[in-house]
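Descriptive structure summary
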Amino acid sequence: MTQASTTVKPDAVGVAHTRVEALDKVTGAARYAGEIPFAELAHGWLVLSTVTRGRITSIDEAAVRALPGVLTVLHHGNAPRVKDDVVGALGRPDPIVEVFQHDRVPHAGWPVALVVAETSEQAREAAEALVVTYAQEPHDVAFHAGRPGVYTPPEMETAKGDLDAQLAASAAVVDAAYTTPEQHHTAMEPHAVTVRWHDGRLELFDSNQGSKWVADDLANLFSLDTSAVHVRSEHVGGAFGSKGLRAHHVAAVMAATELQRPVRVVLTRRQVFATTGYRSPTAQRVRLGADADGRLRAFGHEHLNLTSNLREFVEGGAGFGRSMYDADAHHTVNRVVPVDVATPTWMRAPGEAPGSFAVESALDELAERLGIDPIALRVRNEPTVGPVSGLPFSSRNLLGCFEEGARLFGWAERDPRPRVRRDGRWLLGTGTAASTFPSGAAPSTASVTAEADGSFTVRITASDVGTGARTALGLIAAEALEVAPERVRVRIADSDFGNAWVAGGSMGTRSWGWAVMAAARDLRERLPLAAGEIPEDGITATTDTGALIAQLAQKERYAYGAQFAEVAVDVLSGEVRVRRMLGVFAAGRIVNPLTARSQLVGGMTWGISMALHEEAVRDAASGGYVGADFAGYHVAAHADVPAVRAEWIDDPDPDDPVGIKGIGEIGIVGTAAAIANAVWHATGVRHRDLPIRPDRVLLAEARQDGRPDA
Ligand code: MOS
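Residues numbered from 1 in each chain as written. Predicted model: local features only at pLDDT ≥ 70, side-chain atom pairs only at ≥ 80, totals over all residues. Heavy atoms only, no water.

1. Remarks on the pairing of strand 12 (residues 263-266)
For the record, the criterion: Should DSSP find at least two bridges between two strands, the strands are taken to pair. Under the DSSP-based scheme used, a helix requires at least four consecutive residues in state H or I and a strand at least two consecutive residues in state E, with every element numbered from the N terminus.
With three bridges joining them, strand 1 (residues 42-48) and strand 12 adopt parallel strand pairing. Paired with Ala42 across the strands is Val263, a residue of strand 12. Relative to strand 12, strand 9 (residues 192-198) runs antiparallel, the two being bridged by four bridges. In the sheet register, Ala192 faces strand 12, and the bridge partner there is Val266.

What follows is the structure, encoded as structure tokens:
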């Protein structure tokens, strides 16, 4: 076959493309982990603890085994042992994956059994009929600042200068406490996996953020050779940090091994809430002191999150100020407190999302006290090197974002006085906040094959969690190969393709794109040697970016953004409506403007949710959730989301071969602060506890009126 080696300047990177699997998704042809048909498929249903702490004293499995269709009941009395000290590519998996290993219940929703039956309905019926008895022990799930048990993990504190002295010398001081509640990922697709043994290998059809990551963690846990585990995750309906190895994977593997049949476990929404992680609530204190001209003398940020009694998880919100603002005295610390709850995990913009709410709200308070425009205050405090690290920035275009954002939003016409604008019963206000998120790259392996028919195939263990990563990688390959994107097919999410970074940390497309570009360039150099003759199995170039990424100079690497919001507040009902939002980002070269805009708008929409709606409520008496479903846990829906506009300025990363910085998380950072600042501008009231619920707005009004019941 001849190879058409036409060089074109393809409409690839930087040009809007609909995602390549769009038609499959909207027609239902795209199969998700819980939908792929298998012969002889059995269905597992998890049984979760109904108590928060204690021991299992009995499991009446005999009664359940006699129910129609039931194939097995797995629990701590009969399950195989797994290794409990494995450390994978992203650390030790949450101990909740070590299912059925002992009779202890460390928190509500702990998996105590898996019931497997011929049909999903039979499994559910039997699981709900399973009688488990417990010896209950007292629990403590309370979380608030100042509670006992708080500690500072190693290397979680930075300090320079004398904070108290600088605060005392400041013309204006803000010392305020902020809280954010427990929040959940609420991916549209609940977690699901189908497991079978096939040709001597353990095969998983999964919904995850990294198939190699899940495969290796599973291999470790079951002491298998990594080559004996094959994980695929073709389509994923959202993940946001929650889709690594979880309890249902391990339970399904145990069942498939015992039954020697394919076993599927799909979680209900309540089981997703209980077993797949969440963002910890936070309690924060921010202390700022500035000269009359706004220059910061003191910057202090104390950040507290909860963790489980099984594993230490640091949300890390105090990291935000370490790169954003300098001061003569600068102190940041992340503290944790273990309580009897499931372990929290990464959730979109871990650290930066709650941390930015506190710091960017406090800066607005400082601007108010100083009589300085909030944007001017940020301009005055723009650092030239990393405030804590002293490292140079690879590039920092925060002020460019504010400049463009102010222009597009109409900030110059803003009257800074609070509570002076009305639209009928609505009080109107606008607010702004800064946004940032680290821009990283991690080693990945990619291969690109020139096929005999003139097309190209990219293979990489990427995961498209709904971002459009598959499409973006095709565009990057097309640009490097100088061919039209239609000639490139991209195969992802298969652990057999080798090591690659996960869809996380806003590093997916950057890390994978780097590897794909490197392999494609390598292939292009080799193709002329083939003299137009491509063998039947093609010509393949494979690249691992480990060495290249290790050579990156030590710098502060971040993306930036400026968030703007306009709100309307009805102080009679307490309702807050976001009327419009604008985010302007300096977040590297944008590979696919169509899906990138969706990512950023999606992140900003999360910010609306965070500011106004999201809050998982835990019942202190039972230790479990109240309303862990979409009726009880409100996320912003279409009716809550008005005109949300995301724009970007030209900001190619100077050290990335494609120019990417990453856009997965920055959209949510600063958004809640911009909204809270707008609510202050509308009402004159600072809301330092999220979400800004109607009852909180009403209570604040009553306090303003000096009503005795407030
Ligand atoms: Mo995300 S929290 O980096 O999956």
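2. Details of the environment of Ala255
To keep things clear, this is the line we draw: Under the scheme applied here, a residue whose accessible area is under 20% of the maximum for its type counts as buried, over 50% as exposed, and between as partly exposed, the area being computed with a 1.4 Å probe on protein chains only. Residue contacts are counted whenever heavy atoms from the two residues lie within 4.5 Å of one another.
Along the chain, the position of Ala255 falls in helix 6 (residues 247-259). A residue is classified by how much of its surface remains accessible, and Ala255, at 0% relative accessible area, is buried. Sequence separation between Ala255 and Ala42 is 213 residues; the distance between their C-alpha atoms is 9.1 Å. Ignoring sequence-local partners within four residues, the contact set of Ala255 consists of Leu74, Leu114, Val116, Gln260 and Val263.

3. Remarks on the nonpolar core
The criterion, for reference: To define a nonpolar core, start from buried Ala, Val, Leu, Ile, Met, Phe, Trp, Tyr and Cys residues and group those joined through side-chain atoms within 4.5 Å.
In this structure, Leu288, Tyr325, Leu366, Val567 and Ile675 are the most contacted members of the largest nonpolar core, which totals 83 residues. Sort the elements by how many residues they give to this core and helix 9 (residues 352-370) lands first, with nine residues. For Leu366, the residues in contact, after removing those within four places along its chain, are Ala172, Val174, Leu288, Ala290, Leu296 and Leu377. Leu204, Ala247, Met254 and Ala274 belong to the second largest nonpolar core, which has 59 residues in total.

4. A look at helix 12 (residues 469-481)
Note the threshold: For a helix, the expected span equals 1.5 Å multiplied by the residue count minus one.
Between its first and last C-alpha, helix 12 extends 18 Å over 13 residues, near the 18 Å set by a 1.5 Å rise per residue. Counting buried positions along helix 12 gives 12 out of 13 residues, so the element sits mostly inside the fold. Considered for burial, the residues of helix 12 that qualify are Ala469, Arg470, Thr471, Ala472, Leu473, Gly474, Leu475, Ile476, Ala477, Ala478, Ala480 and Leu481. Buried-residue contacts for helix 12 involve strand 18 (445-450), strand 19 (456-460), strand 20 (488-492) and helix 13 (508-526). Among the residues trailing helix 12, Glu482 stands out with phi positive, at a value near 60 degrees.

5. Section: helix 15 (residues 593-612)
Look at helix 15: 28 Å from first C-alpha to last across 20 residues, which is about the 28 Å you get at 1.5 Å a residue. Most of helix 15 sits out of view: 15 of its 20 residues are buried.

6. Digging into the packing of helix 9 against helix 16 (residues 671-683)
Keep this limit in mind: Note on geometry: axes are lines fitted to C-alpha atoms, helical ones only across the stretch in contact, with angles between N-to-C directions running from 0 to 180 degrees. Here a crossing is called left-handed whenever its near helix is offset anticlockwise from the far helix by less than a right angle, and right-handed whenever the offset is clockwise. The classification used treats Ala, Val, Leu, Ile, Met, Phe, Trp, Tyr, Cys and Pro as nonpolar, Asp, Glu, Lys and Arg as charged, and all other residues, Gly among them, as polar.
Relative to each other, helix 9 and helix 16 sit at 35 degrees, their axes nearing to 8 Å. Where helix 9 crosses over helix 16, the handedness of that crossing is right-handed. Listed contacts from helix 16 to Ser356, Phe357, Glu360, Ser361, Asp364 and Glu368 of helix 9 are Ala672, Ala673, Ala676, Asn677 and Trp680. Among the residues forming the contact of helix 9 with helix 16, the class breakdown is five nonpolar, three polar and three charged.

7. Things to note about the side chain of Asp364
Among the secondary structure elements, Asp364 is positioned in helix 9. Not counting the four nearest positions on each side in its chain, Asp364 is found in contact with Pro374, Arg378, Thr432, Asn677, Trp680 and Arg686.

8. Quick notes on the sheet that holds strand 22 (residues 558-570)
On the basis of which strands lie adjacent, the open sheet formed by five strands has the order 16-17-22-23-26 and mixed pairing. Two strands lie at the open edges of the sheet, namely strand 16 (422-423) and strand 26 (643-648), each paired on one side alone. The pairing of strand 17 (residues 426-438) with strand 22 spans 13 bridges and is antiparallel. Bridging across to strand 22, Trp426 finds its partner in Asp570. On the sheet, helix 16 packs against strand 17, strand 22 and strand 23 (575-586) and is oriented at approximately 155 degrees with respect to strand 17.

9. Things to note about the pairing of strand 2 (residues 54-59)
By the bridge criterion, two bridges tie strand 2 to strand 4 (residues 104-105) in an arrangement that is antiparallel. Within the sheet, the bridge partner assigned to Gly54 lies in strand 4 and is Val105. One ladder, built from five bridges, connects strand 2 with strand 6 (residues 132-136); its direction is antiparallel. Counted as the bridge partner of Arg55 is Ala135 from strand 6.

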